[in-house]
Structure formats: structure tokens, C-alpha cells
Amino acid sequence: GEDVEQSLFLSVREGDSSVINCTYTDSSSTYLYWYKQEPGAGLQLLTYIFSNMDMKQDQRLTVLLNKKDKHLSLRIADTQTGDSAIYFCAEIYTDKLIFGTGTRLQVFP
Amino acid sequence: DTGVSQNPRHKITKRGQNVTFRCDPISEHNRLYWYRQTLGQGPEFLTYFQNEAQLEKSRLLSDRFSAERPKGSFSTLEIQRTEQGDSAMYLCASSSQGDQPQHFGDGTRLSIL
């Protein structure tokens, strides 16, 4: 079935760039999403990319999509302590979101 | 701002009891989704509605679970005869159409004693 995979942890120094990677299986997904989850909270939509695009930039966030390799990445420029959270990649499959297990981003001073 | 609202935020109950959660979607959104998230995992799809019609249910949704959206606005998710394995965060999301971004509420955390 459909599957989304992410690495579990990423630790970066404040001010550096963070890159969170994701692979997915369903090549027919029209959109791919990045969500952020802080402790005890729901999911906040960060950004999304249409499948016919290969890049999208939104302020400090850059999404890269390699459709051939089914690889999605999220780059956060100038990472801040407030960016510490779990980041989920998700693909849309028959109107349902399929999530990865999430990448826990830890930002240290 | 009228984001997705879920109530209660936390529910603690004894095994075997029934619980009901409520979700109020963003007002102009036709689609409403329920997901379940266990510790250390990403959310998993449970069911979704287009207006008042329930279009799909996951096999995760056993007979003890029932969801309704009677007037196409708010939705309720009921779990009967709760079990330890039902402990999770229950998340609601809404969207304007099937391929549009889903916006999530803060969830209801269920703990079974």
C-alpha cells in the first residue's frame, strides 16, 4: 500500500539551515504536504507543493520535489528555537492524507 | 479566526465506558476528516464526510466506532465500550474540496484507565 518514510531525528544549531527528507510511494499524488506539530497540539499546515512543480519557496521554507525518485524535502533557512517540533510529510491518496512517522527537529543554541 | 475546533481537548475515562468527541470545521468547508494518532506515529485516516454523507471508513474503524455529521456542519465521533488500545489523539481536519489542503484542529487526547 501507500507508504511515506522519513528519518526520525534531526538536530541543528540555531541559525543554520535544516533539511528534512521524505520519500513516498504513490506517483499519482496531486499534492504533497508538510505539517508541523508542537507538543500536545494538532497539525499546522506549513506548505504544500503541486506534483507538476519541482520547487516552491515560501519565506524561510523551500520545498523540493523529485518526482522521478519520489523524494520530497523541506529546507528551513535560519532555523530558530521556535522551529523545534515534529515535521510530517504527507501525500494525498484518494482524498486521504498518508503521513510519515514524522521527523523530530531539535534546534540548539 | 474560525479554525477547526475540537472538544474536549482531553478525555480520561475508564475502560468499557462510551465517549463522544465533537469537531466544528472551518465554516465554508464541505469535507471533514477524522484521523487517529498514537504516540510516536503519524496520523492515520479513520473516516471522512462530504457534507453529511460519510464517504469512506478505514478498516481501523471497528464496529465500536461511529461518526456522524447530521447537518453537514459539525461532526461527532463516538467510541463505545472503550479499550486500552483506543488511547490516542483523535484529530479532525476540514477542507473545501478533496484535493485542497486539510486544516487540522488541536485534537482530543483520549486516555483509557
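Above this text sits the structure in question.
Residues numbered from 1 in each chain as written. Chains lettered and ligands numbered in written order. Predicted model: local features only at pLDDT ≥ 70, side-chain atom pairs only at ≥ 80, totals over all residues. Heavy atoms only, no water.

A few points about the pattern of salt bridges
Under the counting rule described, the total for this entry stands at nine salt bridges over all chains. A salt bridge links D95 of chain A to R31 of chain B; its shortest N-O distance comes to 3.0 Å. Of this pair, D95 of chain A sits in the loop between β9 (85–93) and β10 (96–99) while R31 of chain B sits in strand β4 (residues 31–37), on two different chains. Overall, D95 of chain A belongs to the partly exposed group, its relative accessible area being 23%. Across the pair D106 of chain B and R9 of chain B runs a salt bridge, and its minimum N-O distance is 4.0 Å. Highlighted residues: D106 of chain B in the loop between β10 (103–104) and β11 (108–112) and R9 of chain B in the loop between β1 (5–7) and β2 (10–13), separated in sequence by 97 residues. Salt bridges linked by common partners bring R64, E83 and D86 of chain B together as one network. (Salt bridge = Lys/Arg side-chain N within 4 Å of Asp/Glu carboxyl O. Helix = DSSP H or I, 4+ residues; strand = E, 2+ residues; numbered from the N terminus. Buried < 20%, exposed > 50% of the residue type's maximum accessible area, 1.4 Å probe, protein only.)

Overview of the state of the cysteines
Following the criterion strictly, the structure yields two disulfides over all chains and no others. Residue pairing for C22 of chain A: its cysteine sulfur links by disulfide to C89 of chain A, the two sulfurs lying 2.0 Å apart. Residues C22 of chain A and C89 of chain A share a disulfide whose torsion about the S-S bond is about -60°; that sign makes it left-handed. Here C22 of chain A, found in strand β3 (residues 18–24), pairs with C89 of chain A, found in strand β9; they are 67 residues apart in sequence, far enough to count as distant. Covalently, C23 of chain B is tied to C92 of chain B through a disulfide, its sulfur atoms 1.8 Å apart. Measuring the twist about the S-S bond at about -70°, one finds the C23 of chain B-C92 of chain B disulfide to be left-handed. Of the two residues, C23 of chain B is situated in strand β3 (residues 19–24) and C92 of chain B in strand β9 (residues 88–95); the sequence distance between them amounts to 69 residues. (Disulfide = S-S within 2.5 Å.)

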